[in-house]
Amino acid sequence: MAVRSASPEDIYATHPEKKVSLYFMVLGFIALTIGVIFGPFQIFNYANIDLYPALQPLFKSYYQGLTLHGVLNAIVFTQFFIQGSLLYLQARDSNVRPLMPVAWAAWWLDLIGLALAAWPLLLNNATVLYTFYPPLQGHWAFYVGAALIIVSSLVSVFLSVEMWVRWKKQNPGKPTPLVTFMTTATWMMWGLAAIGLVVEAVFFLIPWSLGWIKGVDPLLARSLFWWSGHPIVYFWLLPAYVSWYGLLPRQAGGKLISDPLARMAFLGFLVFSTPVGFHHQFADPGISAFWKGVHTVLTMMVAVPSLMTAFTIAASLELAGRANGGKGMLGWIKALPWNNPSVVAQLLGAIAFIFGGAGGIVNASFTLDYVVHNTTWIPGHFHLPVATASTLTFFGIAFWLIPHITHKPLAAPRTALAGVWLWFVGMMFMAFGMHMMGLQGVPRRAHISAMSAVNDGIYASSAFYMVFNAIAGVLLTIAAVQLFYVLYATLFSRRRLPADQVPEIPFAEAISGPEGKNGVKVMDRLFFWWGAAVVLVLIVYMPTLVQLFIHMVPAPGMRLW
Ligand code: HAS
Ligand code: CU
C-alpha cells in the first residue's frame, strides 16, 4: 500500500500549535522580504553609489529606506519568527499545549500592530529610524503599532511561563526539559527587558505624538529605550542559541556535551542581559561616568555566557564530526554535514558571531567606544550577530521546521545551500568594509553617496573599503533572492511528503544530563533568578532614572524629513 500523505486538516489536528507557529513565522518572513529590499540600497550608499533616486517617488529618502530596513528586519521579523518557533519548540519539548486562543490573540496583535506601524512608515510619516529617538517625531500610528507589537511579545512571555508552570505542576521534582528551560528563560528575560519600551511608549511617545503632552526629554527617552534596546539583542540571539544547544548537535550527528552548562549560560543571560544599557549611551551627557562604568563591567559579564556557548557548541560539534568519521586535529570539521543547508546556515552564523562578539567587546569598553561610536563600525558590528548569526540560524530552523509543519519538502536544497554561503560571505565583506570605514571616521546613518559638491571626497580615504561594500551589495542581493525563493517555493509547493519522510524535531540528547545534579535543581528556580535580575536592574538604573524623571527637559517634536 502506498504511503498516504496527510491533508492540511490532519496535519494540524494533533498539534494545533503548528498552525499558529507557522502563521507567526510566515508573517515575520513577509516583513523581512520587504525590509531586505532596502539592504542593497543601504550598502551601495556606503560604496558611494546612490541608488535611492531609482526608488522615487515611491520612497522619498535614504532615511525612509533605512527606517523600513531596521524596523522590519531587526524588530518585526526577529520577534515574529521567535514567537512562532519558540512557542512550537517549547510545546513539543514539554508536551504541553499552549493556551491556543491566547496564542492567536498574540498573532492578531502582531498583525494589527504591523499594519498600523507600516502605514506611516510607507507614507514617509515616521522616518525616525529604528531607535525612534525624540525629538524626532513620527505619526502616532507608528508608536501605537509598535506598542501593540510589544504587547504581543508580552503575551508570548505569559504563554511560555504559563506552559512551564503547568509542566512543573504535572511533573513535581523533575528538572525542566532543556529546551523548555531555555525558551522560558528567554521569555522571562524579555519580560523584564521590555519594561523600558513600555514606559517610553505609554507615558511619552504615544501621548506626545497625539498632542496630549508638549514635549519629551530626549535623554530620558533614550535611557528607557536602551533599557530594552540592549537586551533586545539577546532576545534575538537566544532563540538561535536554543537551536545551537538543543537541536544542532543532533542535526550534526552528535550530542550536546553538557546540559547543565547550557542552563547556566541561559541563567547568565536572564540575570545580566538588562542592566547594561548605558553601553549605548557612553557619549550621552547627563549620566554619571560611575554608572557608565558599572554598565561596562556588567556588559563584560554578559559576554561570559556567550564564551561558554562558544566552548560547549564547538566541543559538541567536534564530537559530532568525530562520530561521523572525522579524524585528526581539524578533520572533524570536514566531517560535519556540509551538505545540509539547515546545519550549514547555523555553522556559518556561529562563525560570523565570533567576529561579531569580538567587536562587541570593543564597543563595550567605555574608552574604546568613543573611537567607533556613531560610525559605520556599529552597523558593521551588528550585522554579524543579528543579520548573520540570528538570521541565518532562523533560516536554518525554517529549513526543517516548515517542512515539518506543512509536510512540504524543502524546495531546491542546493539553492538553499548556495544562498546561505553567499549570505555569509557577503556579510563578511560588508562587515569588513564597514568596520574599517568606521575607523576612518565615516558616520553611520548618513547618505554619504549624495553629498554636496562642497563635501564631496571627504571620505576618499575610505575608497578602498567601499569596494568591499560594493561586492557585499552584489553578493547579498543574489543570496537574498536565493533564500526567499527557497522559502516561498517551499510554502507554495503542492507536493506533500509521505508521512515517513516528514522531518522530525531534531531534539538533541546530552552526554552529561540534568539528572541527579543539585545545581540543576537550584537553576530550575527561574522565578528566583528572575527576581535577582529585577533587583540588579533596579540597582543600576534607578539612581539615574529617578534623577532624569525629576529634572525632565521636554523637547518639542521635530520633523526633519
Ligand atoms: Fe552589540 C551595538 C556590545 C552582542 C546587536 N549591538 C549594537 C547594535 C546592535 C547590536 C543592533 O558595548 C547597534 C544599536 C544601535 O543601532 O545603536 N554587543 C556588544 C557585546 C556583545 C554584543 C559586548 N550585539 C550583540 C548581539 C547582537 C548585537 C548578540 C544582536 C543579536 N553592541 C555592543 C555595544 C554597542 C553595540 C557596546 C554600542 C556601540 C555604540 O557605540 O553605539 C557580546 O554579547 C558579544 C559576546 C559574544 C562572543 C562570541 C561568542 C561566539 C560564539 C560562536 C562560536 C562559534 C562556533 C562555531 C562554535 C564572546 C558563541 C564553530 C564552527 C565550526 C565550523 C567548527
Ligand atoms: Cu548593547
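Everything below is about the structure printed above this text.
Here's a quick rundown of the structure. (Residues numbered from 1 in each chain as written. Chains lettered and ligands numbered in written order. Predicted model: local features only at pLDDT ≥ 70, side-chain atom pairs only at ≥ 80, totals over all residues. Heavy atoms only, no water.)

Looking at the overall build of the protein
Note the threshold: Helix and strand assignments follow DSSP, with helices taken as H or I runs no shorter than four residues and strands as E runs no shorter than two, numbered in order from the N terminus. Note on method: radius of gyration uses C-alpha positions; expected globular size equals 2.2 Å times residues raised to 0.38. When accessible area is computed with a 1.4 Å probe and restricted to protein chains, residues below 20% of their type maximum are described as buried, those above 50% as exposed, and intermediate ones as partly exposed. Contacts between residues were defined by any pair of non-hydrogen atoms, one from each residue, lying within 4.5 Å. Areas reported here follow the Shrake-Rupley algorithm with a probe of radius 1.4 Å; residue values treat only the protein chains shown as occluding. Counting rule for charge: Lys and Arg are taken as positive, Asp and Glu as negative, and neither His nor the chain ends is counted. Charge positions come from single atoms, namely NZ of Lys, CZ of Arg, CG of Asp or CD of Glu.
Across its full length, the protein holds 21 helices and two strands. In terms of overall dimensions, the protein is globule-like: its C-alpha atoms have a radius of gyration of 23 Å, near the 24 Å expected for 561 residues. Along the first, second and third principal axes, the C-alpha atoms of the protein reach 75 × 50 × 50 Å. Counting across all 561 residues of the protein, residues that qualify as buried make up 59%. Residue pairs in contact within the protein that sit at least 24 positions apart in sequence constitute 84% of those at least 6 positions apart. Carbon and sulfur atoms provide 71% of the accessible area of the protein, an area that totals close to 21900 Å². Where the 30 positive side-chain charges of the protein centre and where its 19 negative ones centre are 4 Å apart.

Some words on the side chain of Asn 73
Convention followed: Whenever two N or O atoms come within 3.5 Å, that pair is a polar contact, provided that in protein one can donate a hydrogen and the other can accept it, and provided that, for residues adjacent in sequence, both atoms are side-chain atoms.
Within the secondary structure layout, Asn 73 lies in helix α3 (residues 62-94). With relative accessibility at 13%, the residue Asn 73 sits in the buried group. From its side chain, Asn 73 meets the backbone nitrogen of Val 36 in a polar contact 3.5 Å long. Those residues in contact with Asn 73, other than ones at most four positions away along the chain, are Ala 31, Leu 32, Gly 35, Val 36, Leu 68 and Thr 78.

So, the coordination of the iron atom of ligand 1
Rules: In this description, a donor is an N, O or S atom within 2.8 Å of the metal centre, a cutoff extended to 3.2 Å for sodium, potassium and calcium. Water is not part of the atom list, which can make sites seem incomplete.
No protein donor other than His 381 (NE2) coordinates the iron atom of ligand 1, and that contact is at 2.2 Å. A distance of 4.5 Å spans the gap from the iron atom of ligand 1 to the copper ion (ligand 2). Structurally, His 381 can be placed in helix α16 (residues 377-382).

What to know about the side chain of Thr 131
Its place among the elements puts Thr 131 in the loop between α4 (100-122) and α5 (140-170). Residue Thr 131 is classed as buried on the basis of its relative accessible area, which comes to 3%. Side chain to side chain, Thr 131 and Arg 445 meet in a polar contact 3.1 Å long. Setting aside residues up to four positions removed in sequence, Thr 131 forms contacts with Phe 225, Trp 226 and Arg 445.

What to know about the environment of Thr 184
With respect to the secondary-structure elements, Thr 184 resides in helix α6 (residues 178-193). C-alpha of Thr 184 to C-alpha of Asp 284: the two residues are 100 residues apart in sequence and 34 Å apart in space. In contact with Thr 184, not counting residues within four places along its chain, are Gln 90, Ser 160, Val 161, Trp 164 and Leu 526.

Section: unusual backbone geometry
Glycine aside, residues mostly have negative phi, and peptide bonds are mostly found in the trans state. Backbone torsion omega between Gln 56 and Pro 57 reads 0 degrees, so that peptide bond is classified as cis. With respect to the element layout, Pro 57 can be found in the loop between α2 (17-45) and α3. Residues Pro 134 and Pro 135 are joined by a peptide bond in cis, for which omega reads 10 degrees. For Asn 95, which is not glycine, the phi torsion reads 60 degrees and is therefore positive. Here Asn 95 is to be found in the loop between α3 and α4. On the basis of relative accessibility, which here comes to 66%, the residue Asn 95 falls in the exposed class.

What to know about the site of ligand 1
Note the threshold: It suffices for a single heavy atom of a residue to lie within 4 Å of a molecule or strand for the residue to be listed as near it. Residue classes follow a fixed rule: Ala, Val, Leu, Ile, Met, Phe, Trp, Tyr, Cys and Pro count as nonpolar, while Asp, Glu, Lys and Arg count as charged, and any other residue, Gly among them, counts as polar.
Neighbouring ligand 1 are 33 residues; Tyr 234, Asp 369, His 373, His 381 and Arg 444 lie closest to it. Between Tyr 234 and ligand 1, the recorded distance is 2.3 Å, taken from a side-chain N or O atom to an oxygen atom. Within the residue set of the shell around ligand 1, elements represented by two or more residues are α9 (231-246), α12 (289-323), α14 (341-364), α16 and α17 (385-406). The element contributing the most residues to the shell around ligand 1 is α14, with nine residues. Taken together, the residues of the shell around ligand 1 sort by class into 22 nonpolar, nine polar and two charged.

Overview of the pattern of salt bridges
The criterion, for reference: The term salt bridge refers to a side-chain nitrogen of Lys or Arg lying within 4 Å of a carboxyl oxygen of Asp or Glu.
Applying the stated criterion across every chain, the model contains seven salt bridges. With its nearest N and O atoms 3.8 Å apart, the salt bridge here joins Glu 17 to Arg 97. Here Glu 17 is found in helix α2, whereas its partner Arg 97 is found in the loop between α3 and α4, with 80 residues between them in sequence. A relative accessible area of 40% places Arg 97 in the partly exposed class. Residue Lys 168 is joined to Asp 524 by a salt bridge in which the shortest nitrogen-to-oxygen separation is 2.6 Å. Taken together, the residues span a long stretch of sequence, with Lys 168 in helix α5 and Asp 524 in the loop between α20 (518-523) and α21 (526-550) at a distance of 356 residues.

Topic: the nonpolar core
What counts is decided by this rule: Only buried residues count toward a nonpolar core. Its members are Ala, Val, Leu, Ile, Met, Phe, Trp, Tyr and Cys residues joined through side-chain atoms within 4.5 Å.
Core analysis: the largest hydrophobic core is formed by 175 residues, its most contacted members being Phe 142, Tyr 241, Tyr 245 and Phe 266. Among the elements that take part in this core, α3 stands out by supplying 16 residues, more than any other. Ignoring sequence-local partners within four residues, the contact set of Phe 142 consists of Val 71, Leu 116, Ala 117, Pro 120, Leu 121, Ala 126, Val 128 and Phe 132.

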